[in-house]
Amino acid sequence: MRGLIDSHCHLDAAEFDPDRAQVVDRARAAGVAAQVVPAIDAAGWPKLREVCMGEGLHPAYGLHPMYLDSHRPEHLRELREWIERERPCAVGECGLDYFVEGLDRELQLFYFEGQLELAREFNLPVIVHARHAVDATLAAIRRIGGLRGVVHSYSGSEEQAQQLWKLGFSIGLGGPVTYDRAQRLRRIVAAMPIEFLLLETDAPDQPDAQIRGQRNEPARLSWVCEVVAGLRGVAVEEIAAATSDNARRLFQLP
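Fair warning: this is a prediction, and the values are worked out from it, not measured in the lab.

Cut-offs and rules
Residues numbered from 1 in each chain as written. Predicted model: local features only at pLDDT ≥ 70, side-chain atom pairs only at ≥ 80, totals over all residues. Heavy atoms only, no water. 1 Å grid on protein atoms, 1.4 Å probe; cavity = no way out; pocket = protein on both sides within 12 Å on 5 of 7 lines; lining within 4 Å. Points joined across faces, edges and corners; volume = space filled by probe spheres on them. Helix = DSSP H or I, 4+ residues; strand = E, 2+ residues; numbered from the N terminus. Nonpolar A, V, L, I, M, F, W, Y, C, P; charged D, E, K, R; others polar. Disulfide = S-S within 2.5 Å. Buried < 20%, exposed > 50% of the residue type's maximum accessible area, 1.4 Å probe, protein only. Pairing = 2+ DSSP bridges. Axes fitted to C-alpha atoms, helices over the stretch in contact; angles between N-to-C directions. Contact = heavy atoms within 4.5 Å. Salt bridge = Lys/Arg side-chain N within 4 Å of Asp/Glu carboxyl O.

Enquirer: Any chance you could explain the layout of surface pockets here in plain terms?
Expert: Where empty space is left becomes clear once a probe the size of a water molecule has been rolled over the atoms. Estimates place the volume of the largest pocket at around 740 Å³. Lining the largest pocket are 35 residues; nearest its centre among them are His129, His152, Ser153, Asp202 and Gln206. When contributions to the lining of the largest pocket are tallied by element, the ones reaching two or more residues are β5 (126–131), β7 (169–173) and α7 (183–191). No other element matches the three residues that β5 contributes to the lining of the largest pocket. Residue composition of the lining of the largest pocket, by class: 14 nonpolar, 13 polar and eight charged.

Encoded structure:
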């Protein structure tokens, strides 16, 4: 199995500082040909750019809703400058998180819509975080309009997923789908249109069922692919080829 694309991996995270080169080597050995690496805050953009200088590593720049305390309104202006200069593959990670208590929802929406507008202006896809906030995310995407992208680590309903597909959005699935208890997610992946499916690890977070409680890494994408193939009753190579084609098309990867 070759040519997998990890559509969401935080390779720049501090957890990978001791062995990042080995993590990338293990991913390649496991058939992961490329990774999309989304940012979480403005302070991390320079490190992310440096990390993504390696072959097959593609940066996205954005402001993650869970790190609201780190964001300032001027960061949206700086994000525009970074997009103009760096030409990333996407805007993100951005979005809405209504699960974490104490995160100002109006302020989250301010930064999310600001990033959606930049994505539309620069004709870039958006990498969206939507936790307990899929309806609000859909409303914002519709309000801004003219967008494409992926809702990563999807955890909404099948009906909400269908609304996203109608808007041209993909859903990203990773470690959570490998757990037997994730019945709703498994039903969605078993029957969904393959052209809207992306695979991801969200490493170092969201380890799959085989490495529960451990540090996740992009090499684990091959196991996620095997589980998805099993749920759909098709060959692993078919899922690898389709999801990688989807990622290349969305992010305009070589």
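Enquirer: How do you make sense of the state of the cysteines when you look at a structure like this?
Expert: Two cysteines form a disulfide when their sulfur atoms are joined by a covalent bond. All chains considered together, the criterion is met by zero disulfides. This cysteine, Cys225, is not joined by any disulfide, and Cys9 carries the nearest cysteine sulfur, 16 Å off. When its relative accessible area of 0% is taken as the criterion, Cys225 is described as buried.

Enquirer: Please explain empty space enclosed by the protein as it appears in this structure.
Expert: For the structure shown, the criterion picks out one cavity of 30 Å³ or more. Of the volumes computed, that of the largest cavity is approximately 30 Å³. Of all the secondary structure elements, the ones that give two or more residues to the lining of the largest cavity are α1 (20–29) and β2 (32–38). Among the elements that take part in the lining of the largest cavity, β2 stands out by supplying four residues, more than any other. Here the residues of the lining of the largest cavity sort into five nonpolar, two polar and two charged.

Enquirer: How should the sheet that holds strand β1 (residues 4–6) be read in this particular structure?
Expert: With parallel pairing, eight strands are arranged side by side in an open sheet as β1-β2-β3-β4-β5-β6-β7-β8. Looking along the sheet, the strands with just one partner apiece sit at the ends: β1 and β8 (197–199). Averaged over all neighbouring strand pairs, the angle between strand axes comes to 30°, with direction disregarded. In the sheet, strand β6 (residues 149–152) pairs with β7 via three bridges, with the strands oriented parallel. Within β7, the residue paired with Val151 across the bridge is Ile171. Sheet contacts for helix α9 (residues 236–251): β1, β2, β4 (90–97), β5, β6 and β8; angle to β8, the most-contacted strand, approximately 100°.

Enquirer: In this structure, what is going on with unusual backbone geometry? I would like to understand it.
Expert: Glycine aside, the phi torsion of most residues is negative, and most peptide linkages are trans. The omega angle of the peptide bond from Gly92 to Glu93 is 15°, so this bond is cis rather than trans. Looking at the secondary structure, you find Glu93 in strand β4. Between Ala203 and the following residue, Pro204, the backbone shows a cis peptide bond with an omega angle of 10°. For Pro204, the position within the fold is in the loop between β8 and α8 (221–232). A positive phi is found at Arg87, a non-glycine position, where the angle reads about 50°.

Enquirer: How should I be thinking about the pattern of salt bridges in this particular structure?
Expert: Applying the stated criterion across every chain, the model contains 15 salt bridges. With its nearest N and O atoms 3.5 Å apart, the salt bridge here joins Arg77 to Glu81. Taken together, the residues Arg77 and Glu81, both in helix α3 (residues 74–86) and four residues apart, mark about one turn of the helix. For Arg77, a relative accessible area of 47% puts it in the partly exposed group. Residue classification places Glu81 among the partly exposed residues on the basis of a relative accessible area of 37%.

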